[in-house]
Amino acid sequence: MENNIQNKNAIKDQVAVLKCTSYDKEELSQKIEKCVSLIGGFEKYISGTKKILLKPNFLSASPPATAVTTHPAFVESIIEIIKKIAGSNIEITIADSPGVATPHTKRDLSKLYEITGFKYFHDIPGVTLNLDTGYRTVSFKDGKVLKQLEVIKPVLEADLIINLPKFKTHSLTRMTGAVKNMYGIIHGRTKTLLHTKFMDIHKFNDMLLDVYLFKKPVINIMDGILGMEGEGPGTSGKARETGLILASTNGIALDNVASILMGFKEKQIPLMSCAMERNLPGFELKDIAILGEKIEEVIISNFILPKNSNIDRITKNRFANTYIFPFIRNTLSISPYQNKIKCKLCGTCRDICPEIAIIIEGEKLKLDYKKCIRCYCCSEMCPNAAMELKYSFLGNLIFSKKRKILN
Ligand code: SF4
Ligand code: SF4
């Protein structure tokens, strides 16, 4: 490993990238500390702080091997490093409002902690594994599209946030990283309602940026040791050993670099075009100093991107997105389909669908594709990877050929 500054001009933000292939405690702590030291070290960001909130990705109650959630060993190592630096008087809270399949109740949070391997954190001195289900409505006058947010209480009570996203693809937003991970500070079912309010992919990303900017984390440290490819971010995606840790104080810059490592083209993910429109630092790769590994040596080969990524190539235009996208959405975008073999008819997808577009009839799910807004929450929240995302006949004709040409 060498210290590599790839852009010496106009350095605005730094993103550290380090190889790490195991959740073995010793290696992990050493690599996380090293990675954060490249951007200034933990001391710089946490000294003098009393209450730290660690914000992992607790999307759903899935075991660590599925790569749906931030790995418990990753969070534990960060706690140990923080305690070593700040002393044992520091108060650390771990909190997230999971995806809507896990109602924001004490009982459901406890179940999620058990399945994701976090239950033992209740016994770590100085650490609170959040069971407070309260939230407050707060105004945000600087928000572009979101002027009011319903935020979970531990977030509002913390002095600072350390954001711990997972390296994953996302069928709707193409990837989920530091910015999208902060969506979990929004209370429970409100998150689903925001899908309906911000159906347009760019407006949805504008909303994500508002949430991120409302309570900007001091550091973002990404668990990319076991990542996810394909139709993430839930069980429909595939866990893949990606062997990386990323760190940055700028979540947009971190996501930018992570998207390149996944194999996206520069500014291909809609989040970057939204950041560019708002002139938020981090959207321009040439303005980022990438420290640690040489980026070209750690780009993951043959990483499977979500199917909808190809659609971005024909819908980059904002006008087309706003006025033609409803047509595109219904004819070309991928749509959810029940896999009857995997489906256990648990009803989760029906219960969380913001448009009430799913009903259960006998042994079958009936989807109303006219109502469906293609938010993919059903696929994301299905515990059995049974809501598969496929192109329509027309979409398949276009994109199966296009994929060969463009990729
Ligand atoms: S598709 Fe998944 S979430 Fe929906 S009923 Fe079947 S198993 Fe449950
Ligand atoms: S059916 Fe699925 S993709 Fe369609 S609106 Fe409902 S949750 Fe979203």
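Going by the structure above, here's the rest.
Residues numbered from 1 in each chain as written. Chains lettered and ligands numbered in written order. Predicted model: local features only at pLDDT ≥ 70, side-chain atom pairs only at ≥ 80, totals over all residues. Heavy atoms only, no water.

*Asks:* Please clarify how the site of ligand 2 should be interpreted in this entry.
*Replies:* Around ligand 2 lies a shell formed by Pro336, Cys353, Pro354, Ile358, Cys372, Ile373, Arg374, Cys375, Tyr376 and Cys378. Broken down by class, the residue content of the shell around ligand 2 amounts to 9 nonpolar, no polar and 1 charged. (Near = heavy atom within 4 Å. Nonpolar A, V, L, I, M, F, W, Y, C, P; charged D, E, K, R; others polar.)

*Asks:* Which parts of the structure should I look at to understand unusual backbone geometry?
*Replies:* Most of the time, phi is negative for any residue but glycine, and the peptide bond is trans. The linkage connecting Gly232 with the following residue, Pro233, adopts the cis geometry, with an omega of 15 degrees. Turning to its location among the elements, Pro233 is positioned in the loop between strand 10 (219–230) and strand 11 (237–248). Positive phi is not limited to glycine here, since Arg374 has a value of about 55 degrees. On the secondary structure map, Arg374 appears in the loop between strand 15 (364–367) and helix 14 (377–381). Looking at Arg374, the relative accessible area reads 5%, which means it is buried. Here Ala385, not a glycine, exhibits a phi torsion of approximately 50 degrees, which is positive. Assignment of secondary structure puts Ala385 in the loop between helix 14 and strand 16 (387–390). (Helix = DSSP H or I, 4+ residues; strand = E, 2+ residues; numbered from the N terminus. Buried < 20%, exposed > 50% of the residue type's maximum accessible area, 1.4 Å probe, protein only.)

*Asks:* What exactly am I supposed to notice about the nonpolar core here?
*Replies:* If you look at soluble globular proteins, the nonpolar side chains tend to sit buried side by side. Val17, Leu149, Met207, Leu246, Val257 and Leu261 are the most contacted members of the largest nonpolar core, which totals 64 residues. Taken domain by domain, the makeup of this core includes at least three residues from each of domain 1 (13–298) and domain 2 (308–406). Those residues in contact with Leu246 that lie beyond four places of it in its chain are Val15, Ala16, Val17, Cys35, Asn220, Ile221, Met222, Leu254, Val257, Ala258 and Leu261. Residues Tyr45, Ile90, Leu112 and Ile219 belong to the second largest nonpolar core, which totals 46 residues. (Core = buried A, V, L, I, M, F, W, Y, C linked by side-chain atoms within 4.5 Å. Domains from an automatic or database assignment. Contact = heavy atoms within 4.5 Å.)

*Asks:* Hey, could you run me through the environment of Ile252 in this one?
*Replies:* With respect to the helices, strands and loops of the structure, Ile252 is situated in helix 9 (residues 251–262). Its relative accessible area of 2% is what places Ile252 among the buried residues. Distance in space between the C-alpha atoms of Ile252 and Gly177 is 8.8 Å, their sequence separation being 75 residues. Every residue in contact with Ile252, bar those within four places of it in the chain, is listed here: Val179, Leu209, Tyr212, Met272, Ala275, Leu280, Pro281, Gly282 and Phe283.

*Asks:* Just checking my understanding: could you explain the pattern of salt bridges for this structure?
*Replies:* What the rule picks out here adds up to 20 salt bridges. Residue Lys267 pairs with Glu266 through a salt bridge whose shortest N-O separation is 4.0 Å. Via salt bridges that share partners, Lys144, Asp206, Asp210, Glu277 and Arg278 belong to a single interconnected network. (Salt bridge = Lys/Arg side-chain N within 4 Å of Asp/Glu carboxyl O.)

*Asks:* Got a minute to help me understand helix 3 (residues 72–86) in this structure?
*Replies:* Along an α-helix, residues three or four positions apart point the same way, because every turn accommodates 3.6 residues. If you check helix 3, its first and last C-alpha atoms are 21 Å apart, about what 15 residues at 1.5 Å a residue would give, namely 21 Å. Residues of helix 3 that are buried include every one of Pro72, Ala73, Phe74, Val75, Glu76, Ser77, Ile78, Ile79, Ile81 and Ile82, and no others. Of the residues flanking the end of helix 3, it is Gly87, one or two places downstream, whose phi is positive at about 85 degrees. (Expected span 1.5 Å × (residues − 1).)

Just geometry here; none of it tells us what the structure is for.
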